[in-house]
Amino acid sequence: MMIGMTRAQRTLYSVLGLTGFLLFWELSLRSGLLPGSLVPLPSSIPGVLWLELLDGIWFDVVRSSLSHYSVGVLLGSTLGIAVGISAALLPRFNAAHAWLARLLRPIPPLAWIPFAIIWFGINPSAAAFIISIGVFWINYFASYSAVHSIDPGYDEVARAFGQQRFLARLTKVSLPAAAPGILSGLRAGLGQGWMTVVAAELFGIPGIGQRMMEASSLLATDIVVVYMLTIAALYATFDFLFMVVQRRLLRWQS
Amino acid sequence: MTDTSMTMHPVLSARNVSLGFDGTTVLAGVDLTLHPQEFVAVVGASGVGKSTLLRALAGLLAPQSGRVDIPAAITPDTRAWSMVFQAPRLFPWRRVRGNVELGLEGLSLSKAERRRRALEPLALVGLDEFAERWPHTLSGGQQQRVGIARALAVQPRVLFMDEPFSALDAITRRRLQQELVELRRRTEAAIVFITHDIEEAVLLADRVMVLGNGEMDQPARVVETLEVDMPLDDRRDHPEFAPLVQRVETIIGNH
């Protein structure tokens, strides 16, 4: 909490900041300080959004993007968590894949676009593949370090109370103890997914990214801004919903 | 220790147990036989290997040589042994009852029986009303009581206690010591109790096993085992209490 400010004051300053920014943007364009061909008027955005909604384009592109996003995030998160936890729990597996992980990790997800096109063609699977790569690494490292840093005392307790089997210790100690770290990774992956989704669609796969490319080629900057705000809103919604789930799952934390 | 317990089969027998790491022996030649309801306290200077010995007796660590036998649990809904740790080490992601149920999972018990078996020891330590609370809402003393309930829930034949009261404040410690005296009367379990507090050892145990270092570079060993021949009630006021504490202190000091 910021010292010396009430909640109402904070909200007031936030509203003032945002309104001030929009006003400055609007006035800069109207006064000719900024060229209208390069930047849209903020006041025109709601109308353009309304037209996109009326035409059904907004729903089509958002549905497409959401489908790549969901598949990519689901695939990347599941594999990332599974491999990360296995690496932390199985020393032989960890040693066997450590160099491979070090080699592949620095390659950005977008560098896989050529292979995505060769392997899948220009279709939603390629986008989902690219999204999954970025999400995979975030979840991999988050899960690995979360499991790796579990207090070994918990494992001793499990063994002292008859939970010797690997599966019992995995479900009763490793997963719940590492849950805060794993969930942080998942949340970061959700964000990373949105960053990649647009880029993955820029090469022609239907979705928000493609719509933005089309609009920019016609200098329809207002449409571009509509979809930039759409991504921001979708990300915020997903993040909020995830936070609700996260809080529920981690209600045991002090 | 009752006379009948001597005629029973031992619930733990350790023969010539040696412990160490990386080829170095730190503790050698430990023999220990425990019968039901016996209480042995193990004392010794810090770092002498008390906790390591406890883990070897429980089978959590493999001894370098020698052997430890703990007969299997009598019934499929109990366990042969359980442990109370120095820190309560409750799973923060489980409620109090869930923590006490840990050792019961995997035994031949229905969910309802497991619940009942968890609530019994919680009532014994006075925390049955806290069953649905999260561990972080409990005080240190309450958490350690849950740790004791968790260990009692499996109705062990041997209960290992690794300095269970050392992290508690003096008042809570004293209260839990008194509760353990009461608890001894209600459990069949034999207890191996590690402590660095000599008064605590003499207060609670039937026997006090003193570990000490031998000559330079020699591994630690059991230097003496003393019988505590006093009634459990009000031991602190017993005329033999202070001299016995003094004697153990002298033995530790000489090693």
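For the structure itself, look to the data block above.
Now for a quick tour of the structure. Counting starts from 1 at the beginning of each chain's written sequence and moves along it residue by residue. Lettering of chains starts at A and numbering of ligands starts at 1, both following the order in which they are written. Residue-level local features of this predicted model are given only where pLDDT is at least 70; pairs of side-chain atoms are given and counted only at 80 or more, and the full residue set underlies all totals for whole chains, interfaces and linings.

**So, the overall build of chain A**
- Counting its regular elements, chain A contains ten helices and zero strands.
- To qualify as a helix, a DSSP run of H or I must reach at least 4 residues; to qualify as a strand, a run of E must reach at least 2; elements of each kind are numbered from the N terminus. Order of helices (α) and strands (β) in chain A, N terminus to C terminus: α-α-α-α-α-α-α-α-α-α.
- If one aligns the C-alpha atoms of chain A with their principal axes, the spans along those axes are about 75 × 60 × 30 Å.
- Burial is judged by counting the other C-beta atoms within 10 Å of a residue's own C-beta: 20 or more makes it buried, 12 or fewer makes it exposed, and any count in between marks it as partly exposed, with every C-beta position built from the backbone. By the burial criterion, 31% of the 254 residues in chain A qualify as buried.

**Regarding the overall build of chain B**
- Counting its regular elements, chain B contains eight helices and nine strands.
- Here the radius of gyration uses the C-alpha set of atoms, whereas the globule reference equals 2.2 Å times the residue count to the power 0.38. Computed over the C-alpha atoms, the radius of gyration of chain B is 18 Å, within 12% of the 18 Å expected from 2.2 N^0.38 for a compact globule of 255 residues.
- Based on the C-alpha atoms only, the size of chain B along its principal axes is roughly 55 × 40 × 40 Å.
- The contacts of chain B with a sequence gap of at least 6 include a subset with a gap of at least 24, amounting to 71%. In this description, any two residues whose backbone-derived C-beta atoms lie within 7 Å of each other are considered to be in contact.

**As for the sheet that holds strand β5 (residues 81-84) of chain B**
Residues and elements named next belong to chain B.
- Pairs of strands are assigned from DSSP output, requiring at least two bridges between the strands. Overall, mixed pairing links the six strands, which are arranged β5-β6-β7-β3-β8-β9 in an open sheet. Because the sheet does not close on itself, it has two edges, and the strands there are β5 and β9 (221-227). In this sheet, neighbouring strand axes are inclined to one another by 20° on average, regardless of whether the strands run parallel or antiparallel.
- Relative to β9, strand β8 (residues 207-212) runs antiparallel, the two being bridged by six bridges. Considered in β9, the bridge of R207 is made with E227.
- As a rule, the C-alpha atoms of each element are fitted with a line to give its axis, helices using only the stretch in contact, and angles between N-to-C directions run from 0 to 180 degrees. The strands that helix α5 (residues 140-153) touches are β5 and β6 (158-162); relative to β5, the one it contacts most, it runs at about 175°.

**Points about the sheet that holds strand β1 (residues 12-21) of chain B**
Residue and element names in this part refer to chain B.
- One open sheet holds the three strands; their spatial order is β2-β1-β4, and the pairing between them is antiparallel. Among the strands making up the open sheet, the edge pair consists of β2 (24-34) and β4 (65-69). Shown here is a sheet whose adjacent strand axes are inclined to one another by a mean of 25°, direction ignored.
- Bridge count for β1 against β4 is four bridges, and the pairing is antiparallel. In the sheet register, R15 faces β4, and the bridge partner there is R67.
- Docked against the sheet, helix α2 (residues 50-58) engages β1, β2 and β4, running at close to 125° with respect to β1.

**Side note on α5(B)**
Residues and elements named next belong to chain B.
- Compared with the 20 Å implied by 1.5 Å per residue over 14 residues, the 20 Å span of α5 between its first and last C-alpha is a close match.
- Along α5, eleven of the 14 residues are buried, which leaves the element largely enclosed by surrounding structure.
- Regarding α5, the residues found buried are Q143, Q144, R145, V146, G147, I148, A149, R150, A151, L152 and A153.
- A positive phi of about 45° marks Q155, the residue just after α5. How far a helix is expected to stretch is found by multiplying one less than its residue total by 1.5 Å.

**Structural notes on the interface of chain B and chain A**
- Contact with chain B, which involves 15 residues of that partner, is made by 13 residues of chain A.
- Side-chain classes are defined by residue name, with Ala, Val, Leu, Ile, Met, Phe, Trp, Tyr, Cys and Pro counting as nonpolar, Asp, Glu, Lys and Arg as charged, and the others, Gly among them, as polar. Of the residues belonging to the side of chain B that touches chain A, the class tally is nine nonpolar, four polar and two charged.

**Quick word on helix α2 (residues 45-55) of chain A**
- Taken across its eleven residues, α2(A) has one buried, putting it largely on the surface.
- Where α2(A) terminates, the next one or two residues include A:G56, which has phi positive at roughly 80°.

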